[in-house]
Amino acid sequence: MFDMVKKFLRPLQLLIISVFITSSSWQQGQQGQDITIQAGKLIAEVQPTMWGVFFEDINFSADGGIYAELVKNRSFEFSLPLMGWRQVRLNGDGRAVPTFYSPARANNPHYVTLYVNAESGYYGLLNEGFRGMGIRENIMYNFSIMARARENQNLKLKVELVGQGNEIIGSTEIAGFTSDWKKYTSSFKATKTELKGTMRITFSGKGIVDIDMVSLFPSDTWKERPGGLRKDIVRMIADLKPGFIRFPGGCIIEGRDINNRYQWKTTIGPVEDRKLIMNRWNVEIQNRQTPDYFQSFGLGFFEYFQLAEDIGAEPLPVLNCGMSCQFNAAEVVPLNELDQYIQDALDLIEFANGPVTSGWGAIRAKMGHPEPFNMKYLAIGNEQWEEQYIERYREFEKVLKEKHPEIKLISTAGPYASGRYFDYAWSELRKLRPDLIDEHYYMPPEWFLRNAERYDNYDRNGIKVFAGEYAAHDREGSEPESRNTWYSALAEAAFMTGLERNAAVVHMASYAPLLAHVEAWQWRPDLIWFDNLNVIGTPNYFVQKLFSTHRGTHVVPALLGGKPVTGQDSLYASATIDRQNNMLYVKIVNSSRTLKNIQLNIDGPAPSKEGTVEVLRADDPRSFNSIKNPELISPAERKFRIQGRKISVNIEPLSVNVISVPFR
Ligand code: AHR
């Protein structure tokens, strides 16, 4: 009922906005302010890479998230081989014995032997999924299993999807197991939607069977790729029209220790040969321990490149630089043993860009992509600091700049927005030749509001900035999504006007982290939340989307009293023009609780007679979007008339506004 009322109130709210944005509304709010847009004065190019995304396998982003596999621990390679599984006895009996070691498959040595004694019933295993399995009615599901029967080749397998009320909501059968390892497949339709289903695989008969790689995928993956990605989550990312996608992290590339680092070569090729490792977020956060968090690498480097290509984003891989996470083991690889790490970088460039006649190019082609991925950026290390990083980065740079001058190298300023590590990194890196330096800041909203001028004094001719991880960290709340407050998003928007105004320096920026499962997160806030069936954009997501879908090609001045608008009277603004589309975009943020009358004076090319404003706002700065209420804060769009070169607009309290004006 309440939702219905809100639904009807929304158009009313939009109507009010549209009334405000007319030339006659100029007198309605408080005293007016003039912002002059010098639309003919191009002060910097906005890079196509300006607004991107940062994907890290944290919060069940990959396994249990965007990677659509529904079976957890499908290859029995978790440290406890039966984690995620339990035995099922339905008028039958048996034993499940995890078996190690199959030398034939060094990367995937475990399998489970089932001793089945179920002549008049069933015995087998149940998989609990990643906090359950999200199942959709009428969708086809593709089941597969590797198996070999050791005794009694007449064992029959029944596969069943089970709802929370224990009802069967989809099933299939497989028979004819042979004494050789073979992959068996079967597809079936689900009869009911279920947020937290499970899957039973039970055998009837009497005998012994070895099983491995037990897998279940929905058929409606992104681009219908078998074994692919969840299309609702990919769609949300694609809708941001990101200029780049940085992957696969984050701290996971560093690992808790060197052995736990991300090694791209073990993430490509047939999925059963990809070497599973523990995800460092499994144990990282004391009060959010996640013992069942591993990396199957079903989403591996090939798939990341493919995803980047699908959504039109530049792929930006990050590689380990011979150091493990300095917040954890902080080990380094001796400088004279770095060759293997540097070789990994060279091989990655060949994998991404090499011809099919090259060794790694041939592997890419074999995986189904003969054309190069055209990778242009490579980050060396994630969030490292002090001399031990600079020494290692230098070695990478020496080789990579010589062999691949076409690749833009990204180095790091460490984990903090300022301070000793930060200053040291910048001063040392200025002596070297990185193309961009990656800066990270997870700070309170007030910091973002105070720092819209952060880049105003950066050297225009110096190394460019990649604002690679940032998010305003507002206070904690009880619901998972509750830290993504409207206030945090508003503060980020204010800060982002500063990034945009400084596009001469800032060439890339990405909020972090990108994804989080509501029941399996370790870190928040995050840009996009999901459960097994739903995905939602936070207010922060809508801010990112407003900026990235109104990027423009060049920055033009937006001036209040002759100065950039960086917080005067709680107003923040930036403007770009889009030369291809002949458009002007003005972003205005009002971080106060007061309505502001703004008059925009457009100098330079003349505006046409009608424009559009998209407004993102909420009365309550602590409000947030949730799976239950996904669009509480979402943009409302209205058209307005323009008279001459002046646009009068009332900017609502606590609002982010993107004004789009076509030029005549
Ligand atoms: O985004 C979460 C973590 O924050 C990243 O893994 C790391 O780079 C940073 O410390």
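What counts, and where the lines are drawn
Within each chain, residue numbers correspond to sequence positions counted from 1 in written order. In keeping with the model being predicted, local features are shown solely for residues with a pLDDT of at least 70 and side-chain atom pairs are shown and tallied solely at 80 or more, while totals for entire chains, interfaces and linings include all residues. Excluded from the side-chain calculations are hydrogens and water; all other atoms, namely the structure's heavy atoms, are used. Nonpolar core, defined: a set of buried Ala, Val, Leu, Ile, Met, Phe, Trp, Tyr and Cys residues in which side-chain atoms within 4.5 Å join the residues together. Only protein chains enter the accessibility calculation, which uses a 1.4 Å probe; a residue is then buried when its area is under 20% of its type maximum, exposed when over 50%, and partly exposed in between. Residue ranges for the domains trace back to a domain assignment, done automatically or taken from a database. Residue contacts are defined here by distance: any two heavy atoms, one from each residue, within 4.5 Å place the two residues in contact. Lining residues are those with an atom within 4 Å of a point, where the points come from a 1 Å grid over the protein atoms alone and group into cavities, where a 1.4 Å probe fits but cannot get out, or pockets, open sets with protein on both sides within 12 Å along at least five of seven lines. Grid points are joined across faces, edges and corners, and a volume is the space filled by probe spheres set on the points. Three classes are used, and their members are as follows: Ala, Val, Leu, Ile, Met, Phe, Trp, Tyr, Cys and Pro are nonpolar, Asp, Glu, Lys and Arg are charged, and the others, Gly among them, are polar. What makes a salt bridge here is a side-chain nitrogen of Lys or Arg within 4 Å of a carboxyl oxygen of Asp or Glu, nothing more. Every helix listed is a DSSP run of H or I at least four residues long, and every strand listed is a run of E at least two residues long, numbered separately from the N terminus. Residues enter patches when they are more than 30% accessible in relative terms and free of salt bridges; like-charged ones are connected within 9 Å and nonpolar ones (Val, Leu, Ile, Met, Phe, Trp, Tyr) within 5 Å. Per-residue and other accessible areas follow the Shrake-Rupley method at a 1.4 Å probe size, with only the shown protein chains counted as cover for residues. Under the counting rule used here, the positive set is Lys and Arg, the negative set is Asp and Glu, and His together with the chain ends is not counted. Just so you know, the charge point we use is NZ for Lys, CZ for Arg, CG for Asp and CD for Glu.

A few words on the nonpolar core. Across soluble globular proteins, nonpolar side chains have a tendency to be buried as a group. Core analysis: the largest hydrophobic core is formed by 140 residues, its most contacted members being Phe301, Leu378, Tyr441, Trp486 and Leu499. Both domains that furnish three or more residues to this core are identified here as domain 1 (22–43 + 555–662) and domain 2 (53–67 + 222–550). Every residue in contact with Leu378, bar those within four places of it in the chain, is listed here: Leu316, Pro317, Leu319, Ala345, Leu348, Ile349, Leu400, Ile407, Lys408, Leu409 and Ile410. Counting residues in each nonpolar core, the second largest holds 36 residues, with Leu125, Met133, Phe143 and Val209 among its members.

Next up on the list: empty space enclosed by the protein. Per the counting criterion, the structure on display carries five cavities of 30 Å³ or more. When its residues are assigned to classes, the lining of the largest cavity shows eight nonpolar, six polar and seven charged. No fewer than three residues from each of domain 2 (53–67 + 222–550) and domain 3 (85–218) sit in the lining of the largest cavity.

We now examine the domain arrangement of the chain. Size of an interface, as often reported, equals the accessible area lost when the parts are brought together. Each assigned domain of the chain is listed with its residue range as follows: domain 1 (22–43 + 555–662), domain 2 (53–67 + 222–550) and domain 3 (85–218). Taking the mean C-alpha position of each, domain 1 and domain 3 sit 57 Å from one another.

With that settled, consider the pattern of salt bridges. Summed over the entire model, instances satisfying the criterion amount to 38 salt bridges. In this structure, the salt-bridge partner of Lys72 is Glu128, at a minimum N-O distance of 2.7 Å. Here Glu128 lies in the loop between strand E6 (111–127) and strand E7 (133–135) and Lys72 lies in the loop between strand E3 (53–54) and strand E4 (85–90), a separation of 56 residues in the sequence. With a relative accessible area of 1%, Lys72 lands in the buried category. For Asp239, the salt bridge is made with Arg235, and the minimal N-O distance between the two is 3.0 Å. The partly exposed category is assigned to Asp239, whose relative accessible area is 24%. The exposure class assigned to Arg235 is partly exposed, which follows from its relative accessible area of 41%. Counted as one network, the salt bridges with shared partners bring together Lys72, Glu128, Arg131 and Asp292.

A few words on a positive patch on the surface. On the surface, a cluster of positive charge is contributed by Lys609, Arg641, Arg645 and Arg664. Note on placement: Arg645 falls in the loop between strand E32 (636–641) and strand E33 (646–651). Arg645 sits in the partly exposed class, given a relative accessible area of 38%.

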